[in-house]
Amino acid sequence: MAVLKRGPLWALLGAVAGAGCPGVAIRPDGSPAEEQCPEAARAAMEAFRLAPGDSVTMDVDATRTEAGPVVVYDGPIESRTWLNMMDLPGDTLLYGRVWTNGPRVVIRYYSARLPDGKVIPFCAVAADNGPGLPKSPGRTGAAAVPSSAAQVYITGQFR
């Protein structure tokens, strides 16, 4: 099982990911509460012809491409898309936030770095057979998800 490694990039990821989720309320079950997708993110996604429900496969951990379970931690995350999604190019990096304390792992993405280096605001979620990703419990603030690959879905509102 691979473990996400924290390095110097984590400070930048925290700043980028945190920009979209300041003060997100937490539900009694430990998962994040509803949150609106900012208008700037909606406009950026429309420019790439992305609409709620569009999806693409991604590596949950951008540094890990081999198949198998992966451990994720509460806090910032960097994921990588495999293929194009409408006009959004494949190999796009997604920056977001992970919550592991609810019944499933929740990953919300707030920005995307295109292969040309341009960063755009973004609203998407990782999902597998329903909201969030299934998990095996771990220590507080961490959980193992069964696969290093998952689907990412465009959303207009985080639920």
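Scroll up a little and you will see the structure.
The following refers to the structure shown. (Residues numbered from 1 in each chain as written. Predicted model: local features only at pLDDT ≥ 70, side-chain atom pairs only at ≥ 80, totals over all residues. Heavy atoms only, no water.)

What follows deals with the packing of aromatic side chains. Scanning the entire structure with this criterion turns up one aromatic pair. Aromatic side chains Tyr110 and Phe158 sit 5.2 Å apart centroid to centroid with 55° between the ring planes, which places their arrangement in the tilted category. Here Tyr110 is found in strand S7 (residues 106-113), whereas its partner Phe158 is found in strand S12 (residues 157-158), with 48 residues between them in sequence. On the accessibility criterion, Tyr110 (7% relative accessible area) is buried. One cation-aromatic arrangement involves Arg108 over Trp99; the distance from NZ or CZ to the ring centre is 5.5 Å. (Phe/Tyr/Trp six-rings, centres within 6.5 Å; stacked < 30°, edge-to-face > 60°. Helix = DSSP H or I, 4+ residues; strand = E, 2+ residues; numbered from the N terminus. Buried < 20%, exposed > 50% of the residue type's maximum accessible area, 1.4 Å probe, protein only. Lys NZ or Arg CZ within 6 Å of the ring centre and 35° of its normal.)

Right, let's talk about the environment of Asp74 for a bit. With respect to the secondary-structure elements, Asp74 resides in the loop between strand S4 (70-73) and strand S5 (75-81). When its relative accessible area of 25% is taken as the criterion, Asp74 is described as partly exposed. On a C-alpha basis, the gap between Asp74 and Val98 in space is 4.9 Å, while along the polypeptide they are 24 residues apart. At 2.6 Å, the side chain of Asp74 forms a polar contact with the backbone nitrogen of Thr100. (Polar contact = N/O pair within 3.5 Å; in protein donor to acceptor, adjacent residues only side chain to side chain.)

A word on helix H2 (residues 39-47). Structurally, the α-helix is built with 3.6 residues per turn, so residues lying three or four positions apart point the same way. Along H2, the residues classified as buried are Ala41, Ala44 and Met45. Down the axis of H2, the buried set is contained in an arc of 95°. They therefore lie on one face. Along H2, the residues that are exposed and aim more than 90 degrees away from the buried face are Glu39, Glu46 and Ala47. Buried residues along H2 sit against strand S8 (119-127) and strand S11 (149-154). Just past H2, the residue Arg49 takes up positive phi, approximately 60°. (Arc of directions from axis to C-beta. Contact = heavy atoms within 4.5 Å.)

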